[in-house]
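Summary of structural features
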Amino acid sequence: MKTLAIFSLAILLVQCSGSNQAGPDEYIYWVNSLKVPCTGVSPTHCMQVQTAELPDPTQWKLFYSPISGFEFEAGYIYKLLVKEQKLDPSEVPADGSSISYTLL
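On a predicted model such as this, the values are computed, not experimentally measured, just so you know. (Residues numbered from 1 in each chain as written. Predicted model: local features only at pLDDT ≥ 70, side-chain atom pairs only at ≥ 80, totals over all residues. Heavy atoms only, no water.)

Overview of the overall build of the chain
Of the regular secondary structure elements, the chain holds one helix and eight strands. Sequence-ordered secondary structure for the chain, helices as α and strands as β, is α-β-β-β-β-β-β-β-β. Buried positions account for 24% of the 104 residues belonging to the chain. Restricting the contact set of the chain to residue pairs at least 6 apart, pairs at least 24 apart contribute 47%. (Helix = DSSP H or I, 4+ residues; strand = E, 2+ residues; numbered from the N terminus. Buried < 20%, exposed > 50% of the residue type's maximum accessible area, 1.4 Å probe, protein only. Contact = heavy atoms within 4.5 Å.)

So, in structure tokens, the structure goes:
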């Protein structure tokens, strides 16, 4: 009986734990409040993002691509629902991303 209770609790915790995926190819993106210097093709400023249920202040990653439909304004932390679409490799420039990002 004790084993069944522990197993049931484990199942419940897994089901309650958040996922950053909202649907097929749809993800929760957190965007930090400031852009930071980065270097892609040339020096620029990049957004910092996380794809997690809740943001962790130590886990921001540079994000070099635009998110279509999203207009960044400094000073706010954004929680976005973003659709990722894989692009045809033959249509992607050598220095471009193979994924397009669209704000839902």
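We are not done yet, so read on.
Comments concerning the state of the cysteines
What is meant by a disulfide is a covalent connection between two cysteines, made through their sulfur atoms. One pass over the full model with this rule turns up one disulfide. Between the sulfur of C38 and that of C46 lies a disulfide, 1.9 Å long from S to S. Between C38 and C46 the sulfur-sulfur dihedral comes to about 75°; the bridge is accordingly right-handed. Considered together, C38 and C46 belong to a single accessibility category, that of buried residues. (Disulfide = S-S within 2.5 Å.)

Regarding the environment of P89
The residue P89 is located in the loop between strand 7 (78–86) and strand 8 (99–103) in this model. Separated by ten residues in the primary sequence, P89 and I99 place their C-alpha atoms 9.5 Å from one another.

Looking at the pairing of strand 7
Both strand 2 (residues 26–31) and strand 7 contribute to a ladder of six bridges, which runs antiparallel. The residue bridging V31 from the neighbouring strand is Y78, located in strand 7. In this structure, strand 7 lies alongside strand 8, joined through five bridges in antiparallel fashion. Paired with Q85 across the strands is S100, a residue of strand 8. (Pairing = 2+ DSSP bridges.)

Quick notes on the nonpolar core
Counting residues in each nonpolar core, the largest one holds twelve residues, listed as Y27, Y29, V31, M47, V49, F63, I67, F70, Y78, L80, V82 and Y101. Looking at this core, the elements that each hand over two or more residues are strand 2, strand 4 (43–50) and strand 7. Sequence-distant contacts of V82, defined by excluding residues within four places in its chain, comprise D25, E26, Y27, Y29, I67, Y101, T102 and L104. (Core = buried A, V, L, I, M, F, W, Y, C linked by side-chain atoms within 4.5 Å.)

Here we look at the environment of E84
Mapped onto the fold, E84 is located in strand 7. Classification of E84 as buried rests on a relative accessible area of 18%. Sequence separation between E84 and I67 is 17 residues; the distance between their C-alpha atoms is 9.5 Å. Excluding residues within four positions of it along the chain, E84 makes contact with D25, Y27, Y29, I99, S100 and Y101. A distance of 2.4 Å separates polar atoms of two side chains, one belonging to E84 and the other to Y29. (Polar contact = N/O pair within 3.5 Å; in protein donor to acceptor, adjacent residues only side chain to side chain.)

Topic: the side chain of Q48
By the secondary structure assignment, Q48 is in strand 4. Given the relative accessible area of 14%, Q48 is considered buried. Reaching out from Q48, the side chain makes a polar contact with the backbone oxygen of L34 at a distance of 3.0 Å. Look past the residues within four positions of Q48 in its chain and what remains in contact with it is W30, V31, N32, L34, V36, W60 and K61.

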